[in-house]
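# Fold and geometry: a report
Spelled out, the chains give:
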Amino acid sequence: NNHAEFIAGTKPLDRSSALRLRLSSPSGQAMVSFEALSNRSYTLQSTTLLGVAEWQREADFPPGETNFIAQVPVQTTIGNRFFRLVTPQLEP
């Protein structure tokens, strides 16, 4: 909805404007990354089972002065994992 787009800093009429997580493995280390917008905070969460398990906090990203690429290393020994990004950052 428009409110969620506003909170995320995306533009509802621009298909290329989206809050996306990317999974990559530079140098063999699995990483989750996303483009963090200035003046916005985020919480990255993960779970091993959708719909049943609770989401676990992986990392918090406080607001920055400029846009930046946020990266979090991912353990590959856990098996299947699902990730989601929440903005604004969740309370501890």
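For the structure given in this document, a descriptive report is provided here.

Definitions and limits used
- Residues numbered from 1 in each chain as written.
- Predicted model: local features only at pLDDT ≥ 70, side-chain atom pairs only at ≥ 80, totals over all residues.
- Heavy atoms only, no water.
- Pairing = 2+ DSSP bridges.
- Helix = DSSP H or I, 4+ residues; strand = E, 2+ residues; numbered from the N terminus.
- Axes fitted to C-alpha atoms, helices over the stretch in contact; angles between N-to-C directions.

## Some points on the sheet that holds strand β6 (residues 82-86)
Taken in spatial order, the three strands of this open sheet run β4-β3-β6, and their pairing is antiparallel. Both outer strands of the open sheet, β4 (56-61) and β6, are each paired with one neighbouring strand and no more. The sheet shows a mean angle of 20° between the axes of neighbouring strands, direction not considered. Inspection of the sheet shows strand β3 (residues 42-47) paired to β4 by five bridges, in the antiparallel sense. Bridging from a neighbouring strand, serine 46 pairs with glutamine 56 of β4.

These results come straight from atomic positions and should not be treated as a statement about function.
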